[in-house]
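Close look at the chain arrangement
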Amino acid sequence: MRSLKLAAVAALCLAVSACSKDGGSSNEAPADAPTPAATAAPPPTDAGKAAILASLPAPYNTGDLSNGQSKFALCRSCHTITEGGPDLTGPNLYGVFGRKAGAKEGYSYSDAVKAAGFVWDAGQLDKWLADPRGFMPGTKMTFAGIKGEKDRIDLIAYLKVETGFKAPAK
Ligand code: HEC
């Protein structure tokens, strides 16, 4: 949610600086000047989230985000997912897709996760969430797992939408 807002603001900033270059008078628009356009930035919309969802590979593109959000209640005592959010018992998960396991800076992982040596994608996360300690013996994530496959799909879709996942350009 917040990430979408930040992305929108960043896009606006780019647009504004491009405009001021086109105008030719370089000193008239300091970067930190309040821009009326910024207040008009669209709030993170359900439509924006739906677009990210639709960009996901099957079966995640048909994931149920509201079920995913309710399944995330199982995680939120230990994980934040917002950009720059704090590490709790577990690491902040913003940007986790495409990141090497055990690579969130500043978080102290178990040796098991540090040695895992793979990059998180939907498939790895699905196995992890089904049975964390079976998938990776020695992890310090004390979580029993989510047995329902559809619940894992919905949760992974929700996490992709909320943690800044960008579909690879085709
Ligand atoms: C009781 C606390 C707790 C709960 C609940 C929990 N986790 Fe974790 N999680 C951890 C800990 C601790 C780690 C670090 C594991 C390690 O270093 O062995 C972790 C690690 C992870 C990682 C690896 C991150 C990385 O940077 O490599 C992912 C992904 C993850 N958790 C997802 C989830 C999801 C999704 C849920 C909810 C279904 C969840 N966790 C529930 C504590 C928890």
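Our structure's up above, just so we're on the same page.
Attention in this report is confined to the structure presented alongside it. All of these numbers come straight from a predicted model, not from anything done at the bench. Position labels on residues start from 1 in each chain and follow its written sequence. Only residues with pLDDT of at least 70 are given local features in this predicted model, and only at 80 or more are side-chain atom pairs given and counted; all residues enter the totals for whole chains, interfaces and linings. Just so you know, side-chain values use all the structure's heavy atoms and leave hydrogens and water out.

**Focus: the pattern of salt bridges**
The condition that has to hold: For this analysis, a salt bridge means a side-chain nitrogen from Lys or Arg found within 4 Å of a carboxyl oxygen belonging to Asp or Glu. A run of H or I in DSSP counts as a helix once it spans at least four residues, and a run of E counts as a strand once it spans at least two, with each numbered from the N terminus. The buried label goes to any residue with under 20% of its type's maximum accessible area, the exposed label to any with over 50%, and the partly exposed label to all in between, with areas taken from a 1.4 Å probe on protein chains only.
Per the stated rule, a full pass over the model turns up 5 salt bridges. Salt-bridge contacts for K49 lead to E162; the nearest nitrogen and oxygen are separated by 3.1 Å. One end of the pair, K49, is in helix α3 (residues 46–55); the other, E162, is in helix α8 (residues 149–162), with 113 residues separating them in the sequence. No difference in accessibility class separates K49 from E162, as the two residues are buried.

**A short note on the packing of α3 against α8**
Our working rule: Angles run from 0 to 180 degrees between N-to-C directions of axes, and those axes are lines fitted to C-alpha atoms, restricted for helices to the stretch in contact. By the definition adopted for this analysis, an angle is roughly parallel if under 35 degrees, roughly antiparallel if over 145, roughly perpendicular if from 65 to 115, and oblique otherwise. Left-handed describes a crossing whose near helix is turned anticlockwise from the far helix by less than a right angle; the clockwise case is right-handed. By definition in these notes, contact holds between two residues if any of their heavy atoms fall within 4.5 Å. Residues are grouped as follows: Ala, Val, Leu, Ile, Met, Phe, Trp, Tyr, Cys and Pro are nonpolar; Asp, Glu, Lys and Arg are charged; every other residue, Gly included, is polar.
Running from amino to carboxyl end, α3 crosses α8 at an angle of 120°, the nearest separation of the two axes being 9 Å. Compared by their axis directions, α3 and α8 come out oblique. With respect to the hand of their crossing, α3 and α8 are arranged in right-handed fashion. Only A157, V161 and E162 of α8 make contact with α3, whose side of the interface consists of K49, I52 and L53. In the contact of α3 with α8, the residues fall into 4 nonpolar, no polar and 2 charged.

**A look at the site of the ligand**
Quick note on the threshold: Neighbouring residues are identified by heavy atoms, a residue being near a molecule or strand if any of them is within 4 Å of it. Any pair of nitrogen or oxygen atoms within 3.5 Å is treated as a polar contact; in protein, a donor-acceptor pairing is required on top of that, and neighbouring residues in sequence qualify only through side-chain atoms on both sides.
Residues in contact with the ligand amount to 27 residues; listed here are only the nearest, C75, C78, H79, S110 and M141. A distance of 2.5 Å separates an oxygen atom of the ligand from a polar side-chain atom of Y109. One of the side-chain N or O atoms of W120 is found 2.8 Å from an oxygen atom in the ligand. Listed by contribution, the elements that provide at least two residues to the shell around the ligand are α6 (122–130) and α8.

**A look at the coordination of the iron atom of the ligand**
Six octahedral donors around a metal ideally subtend angles of 90 or 180 degrees, whereas four tetrahedral donors ideally subtend 109.5 degrees. Defined as follows: Note that water is not among the atoms used; donors are N, O and S atoms within 2.8 Å of the metal (3.2 Å for Na, K and Ca), so sites may look incomplete. Metal sites are grouped by the angles between bound donors: all angles between 85 and 135 degrees with four donors is tetrahedral, opposite donors over 155 degrees apart with the others between 65 and 115 is square planar for four donors and octahedral for six, and any other pattern is irregular.
For the iron atom of the ligand, the protein coordination sphere consists of H79 (NE2) and M141 (SD), at 1.9 to 2.1 Å. Its 6 donor atoms give the iron atom of the ligand angles of 85 to 179° at the centre, a pattern that matches the octahedral case. With H79 in the loop between α4 (65–72) and α5 (111–114) and M141 in the loop between α7 (132–135) and α8, the pair connects residues that are 62 residues apart, well separated along the chain. Here the two residues H79 and M141 agree in accessibility, since each one is buried.

**Considering the environment of D154**
Its location among the elements puts D154 in helix α8. Classification of D154 by relative accessible area gives buried; the value is 2%. D154 sits 84 residues away from S70 along the chain, and the two C-alpha atoms are 9.5 Å apart. Every residue in contact with D154, bar those within four places of it in the chain, is listed here: G63, D64, N67 and G68.

Keep in mind that these numbers describe shape and distance, not what the molecule does.
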